[in-house]
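Coordinate analysis (summary)
Residue strings, one per chain:
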Amino acid sequence: GQLVESGGGLVQPGGSLRLSCAASGFTFTSYAMSWYRQAPGKERELVAGISSVGGITNYADSVKGRFTISRDNAKNTVYLQMNSLKPEDTAVYYCKASRTRDYWGQGTQVTVSS
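Reading the values: rules and limits
Residues numbered from 1 in each chain as written. Predicted model: local features only at pLDDT ≥ 70, side-chain atom pairs only at ≥ 80, totals over all residues. Heavy atoms only, no water. Helix = DSSP H or I, 4+ residues; strand = E, 2+ residues; numbered from the N terminus. Contact = heavy atoms within 4.5 Å. Buried < 20%, exposed > 50% of the residue type's maximum accessible area, 1.4 Å probe, protein only. Pairing = 2+ DSSP bridges.

Following the sequence through the fold, Leu46 ends up in strand S5 (residues 45-50). In this structure, Leu46 is in contact with Ser34, Trp35, Tyr36, Asn58 and Ala60, ignoring residues within four places of it in sequence.

This is the structure in structure tokens:
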């Protein structure tokens, strides 16, 4: 299986970005999907997760009300809409697929800076 993230970049504080993660090589609809991030010198942390059929989502307290995770099972893609971005959101963002085994993407850099 393979996960490929895209959509990262440089954005000013208060701005928005939408990350995408395209999946291939496994049965996407059977996997829960999540986004993690890792800032320099910090541990990787869970940002948001979504169940296999999309009915259940969960978020880290630090992003609740600002980030939205969604999935399009017809396109084998999961998204992370990020609004009201803050400098502390700067990190490499990773996509993860979970079931009996995990798949990870290579990450995409998000930098929030003026």
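Text resumes after the structure shown.
We now examine unusual backbone geometry. Unlike most non-glycine residues, Asn76 shows phi in positive territory, near 55°. Mapped onto the fold, Asn76 is located in the loop between strand S7 (67-72) and strand S8 (77-82). Judged by relative accessible area, Asn76 falls into the partly exposed class, the value being 26%. In the Ramachandran plot, Ser84 falls in the positive-phi region, its phi being about 50° despite a non-glycine side chain. Position of Ser84 among the secondary structure elements: in the loop between S8 and strand S9 (91-98). The exposure class of Ser84 is partly exposed, given its relative accessible area of 41%.

Pairing of strand S4 (residues 32-38) with S5 involves five bridges; the strand directions are antiparallel. Its bridge partner being in S5, Tyr36 is matched across the sheet by Leu46. Counting the residues between successive antiparallel strands, the hairpin from S4 to S5 contains six residues, one of them, Gly41, with a positive phi of roughly 80°. With three bridges connecting them, S5 and strand S6 (residues 57-59) associate as antiparallel partners. Looking at the pairing, Ala48 lines up with Tyr59 of S6. Taking the residues between adjacent antiparallel strands as the criterion, S5 and S6 are bridged by six residues, where Gly54 takes a positive phi near 85°.

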